[in-house]
Amino acid sequence: MADPFISEFQIRNPGSGVNTDFVEIAVDQGTDVSDLQITVYQTDGSVRATYDVSDGTLTTVGDKDVYVLTVDDNGFRAASGQGLALSDNTTVYQFVTDAPNVITATAGPANGLSSTDVTPGTRQPSGQSTERQVDGTYVTESDPTPGWIPCFTKDTLIETSAGPKRIETLKRGDLIKTMDHGLQAIRWIGSRTLSKSALVTNEKLCPIVVKASALGRGYPATDLTVSPQHRILLRSKIALRMFGVSEILVPAVKLTALEGVDATDPDEVTYFHLLFDHHEIVFANGHPAESLFIGPLAMDGLSEPSRAEIECIFPEVLNPSFRPVPVRTFVNTRTELQSFFDRLRRNRKPAYAVASAQPRSRL
């Protein structure tokens, strides 16, 4: 079995405002983590705190069990420049920092060991995370997404060359209507079903329902159900003033701050992923939303056979220098979105304003 590893972490920087600290640990599915711990080290090498990995929120993603410790659920806290050690009773698997300083541990499981700066020469920017790549290196991720990947649910209507079709009927090669590049062929499609027990065990896997017209009149045309981290397109002059662009992609779970968007608790849910040559905006139940973005989190979240298929179709993802290009700006920071939604409410503006030249959906 492969060694456990820290797959993503976000630690608070001075002046970052709301504390959203988390650390994500990935292990082979079925691994006993009862002895696995995360130890936070001060810059002087002393132990600040220790957390049991088994206390984290568990998600099974592909062939990995992913545990997430957060400030809200577990009291997890760390400061920029401090170290994170992943260990069990006998082995220190990793001892990492997000900053150029080297920490030599003077106590705890990593006693006598020196930390490794996983993002050499840089310090984790406020509101961003440090995420492991498939080759074992780490990069700064502007859109932290602990524990899950984005996808549509069964029965979602996707606009195609032949009109709207249910996503479960689509296949590789089908032509899908995109916002920017006309009709594009599906290069890969995958799915995964979660049972009631899986959803009860981890409520963060429960889908988000965007009610018809919750984001603007006719948007979406009918209720749209997606995974919590699936990014939905919003368009507003307020976004232009706040973020420098009028169109932004926001995770569905963040939209629950708006009226008409809520988490749901189904008996079962089947999630589907659509992949194209590039990250695209497609039309789902009449509303624009993203296709699968093959960043490291998405790749780690797929099963081994699915990853192998994608790597065969897109061999460039195996290149350590590969960086996928998002089709729109990602906005995920809680404080920024809270301010954005507050301004929408004060000005009585929809989250999705229709562009004058944009054709209406046929739904």
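Bear in mind that the values here come from a model prediction, so they are computed numbers and not experimental data.

Draft legend 1. Layout of the pattern of salt bridges. Counted by the stated rule, this structure contains 10 salt bridges. Between Arg328 and Asp180 there is a salt bridge whose closest N-O contact spans 2.9 Å. Here Arg328, found in the loop between α5 (304–313) and β26 (329–330), pairs with Asp180, found in the loop between β15 (175–178) and β16 (182–185); they are 148 residues apart in sequence, far enough to count as distant. The partner of Asp342 in a salt bridge is Arg345, and the shortest N-O contact between them spans 2.8 Å. Placement of both Asp342 and Arg345 in helix α6 (residues 334–346) is noted, with a separation of three residues, approximately one turn of the helix. Three or more residues joined by partner-sharing salt bridges are found here, namely Asp180, Arg235, Glu247 and Arg328.

Draft legend 2. Quick peek at the packing of aromatic side chains. As enumerated under the stated definition, the model contains six aromatic pairs in all. Centre to centre, the rings of Tyr219 and Tyr352 are 4.8 Å apart; their planes meet at 45°, and the pair counts as tilted. One end of the pair, Tyr219, is in the loop between β18 (208–210) and β19 (224–226); the other, Tyr352, is in the segment after α6, and 133 residues separate them in sequence. In terms of burial, Tyr219 and Tyr352 fall into one category: buried. Judged by centre distance (5.7 Å) and plane angle (45°), the rings of Phe340 and Phe341 are tilted. As far as the burial class goes, Phe340 and Phe341 line up, both buried. Counting every residue linked through ring pairs, the aromatic cluster contains Phe243, Phe340 and Phe341.

Draft legend 3. Broad picture of the sheet that holds strand β3 (residues 37–41). Taken in spatial order, the five strands of this open sheet run β4-β3-β7-β8-β9, and their pairing is mixed. Looking at the sheet topology across the chains shown, the edges are occupied by β4 (47–52) and β9 (116–117). By the bridge criterion, five bridges tie β3 to strand β7 (residues 83–87) in an arrangement that is antiparallel. By the bridge assignment, Tyr41 is partnered in β7 with Gly83.

Basis of the calculations
Residues numbered from 1 in each chain as written. Predicted model: local features only at pLDDT ≥ 70, side-chain atom pairs only at ≥ 80, totals over all residues. Heavy atoms only, no water. Salt bridge = Lys/Arg side-chain N within 4 Å of Asp/Glu carboxyl O. Helix = DSSP H or I, 4+ residues; strand = E, 2+ residues; numbered from the N terminus. Phe/Tyr/Trp six-rings, centres within 6.5 Å; stacked < 30°, edge-to-face > 60°. Buried < 20%, exposed > 50% of the residue type's maximum accessible area, 1.4 Å probe, protein only. Pairing = 2+ DSSP bridges.

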